[in-house]
Amino acid sequence: MEPNDEMVLVSRAALEQLQRQIDGLPDVFAKSTQEIGRALTARLSRALDDLAAQLTETTDDALRAIRDAIPAVVAQYAPEISPGALEAITEAIYARAAERFATLHAAQRILGERLQEPPPPSG
């Protein structure tokens, strides 16, 4: 076999190997993408769990602070308001704040549940 024929065979073999590698790229890309997606989902899920724990503590503290501040602020700016009216105002504001925080908690819970769902099939 002449050196030129040998080069052609080696080149052809190298091209075939390269073609097999190129043909395999979509599978490699798909697997890599799935692994990255799983890793990101796990990290985001942990972050949301941490946020939920902090959010619960912060929410409870914030609601207590709101409830405690209302009578003092109202007494400072409107001392003529009767204790019964002050209690009604305090409860109404507290209930609205608690409702808003509950909405925030629900949104966090829904997002956490969606992260736990398997991804929809692709393709």
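It should be noted that the structure appears before, not after, this text.
Reference entry: report on the structure contained in this document. Sequence positions are assigned chain by chain, starting from 1 and proceeding in written order. Under the rules for a predicted model, residues below a pLDDT of 70 receive no local features and side-chain atom pairs below 80 are neither given nor counted, while totals for whole chains, interfaces and linings still include all residues. Each side-chain value is derived from all of the structure's non-hydrogen atoms; neither hydrogens nor water enter the calculation.

1. With respect to the pattern of salt bridges
Line of reasoning, step 1. Should a side-chain nitrogen of Lys or Arg be within 4 Å of a carboxyl oxygen of Asp or Glu, the pair is scored as a salt bridge. Scanning the entire structure with this criterion turns up two salt bridges.
Line of reasoning, step 2. The salt bridge involving Asp61 is made with Arg64; its shortest N-O contact spans 2.6 Å. One end of the pair, Asp61, and the other, Arg64, are both in helix 1 (residues 3-77), three residues apart, so they sit about a helical turn from each other.
Line of reasoning, step 3. We call a residue buried when its accessible area falls under 20% of the maximum for its residue type, exposed when it is over 50%, and partly exposed in between, using a 1.4 Å probe and counting protein chains only. For Asp61, a relative accessible area of 44% puts it in the partly exposed group.
Line of reasoning, step 4. A salt bridge links Arg67 to Glu91; the nearest nitrogen and oxygen atoms lie 2.4 Å apart. Taken together, the residues span a long stretch of sequence, with Arg67 in helix 1 and Glu91 in helix 2 (residues 83-116) at a distance of 24 residues. Under the scheme used here, helices are H or I runs from DSSP no shorter than 4 residues and strands are E runs no shorter than 2 residues, and both carry numbers assigned from the N terminus.

2. Re the environment of Ser82
Line of reasoning, step 1. With respect to the helices, strands and loops of the structure, Ser82 is situated in the loop between helix 1 and helix 2.
Line of reasoning, step 2. Accessibility expressed as a relative area gives 39% for Ser82, which makes it partly exposed.
Line of reasoning, step 3. Each C-alpha atom, one on Ser82 and one on Leu40, is 55 Å from the other, the two residues being 42 residues apart in sequence.

3. Structural notes on helix 2
Line of reasoning, step 1. Take the number of residues in a helix, subtract one, and multiply by 1.5 Å to get its expected span. For helix 2, spanning 34 residues, the distance from its first C-alpha to its last is 49 Å, which sits close to the expected 50 Å at 1.5 Å a residue.
Line of reasoning, step 2. Inspection of helix 2 places Leu86, Thr90, Ala97, Gln108, Gly112 and Leu115 among the buried residues, and these make up the whole buried set.

4. Some details on the environment of Pro26
Line of reasoning, step 1. Relative to the helices and strands, Pro26 is located in helix 1.
Line of reasoning, step 2. Taking the C-alpha atoms as reference, Pro26 lies 31 Å from Ala47; in sequence the two are 21 residues apart.

5. So, the side chain of Thr59
Line of reasoning, step 1. Along the chain, Thr59 turns up in helix 1.
Line of reasoning, step 2. What makes Thr59 buried here is its relative accessible area of 4%.
Line of reasoning, step 3. Contact between two residues is taken to exist if any of their heavy atoms lie within 4.5 Å; hydrogens are not considered. Apart from the residues lying within four places of it in its own chain, the contact partners of Thr59 are Phe101 and His105.

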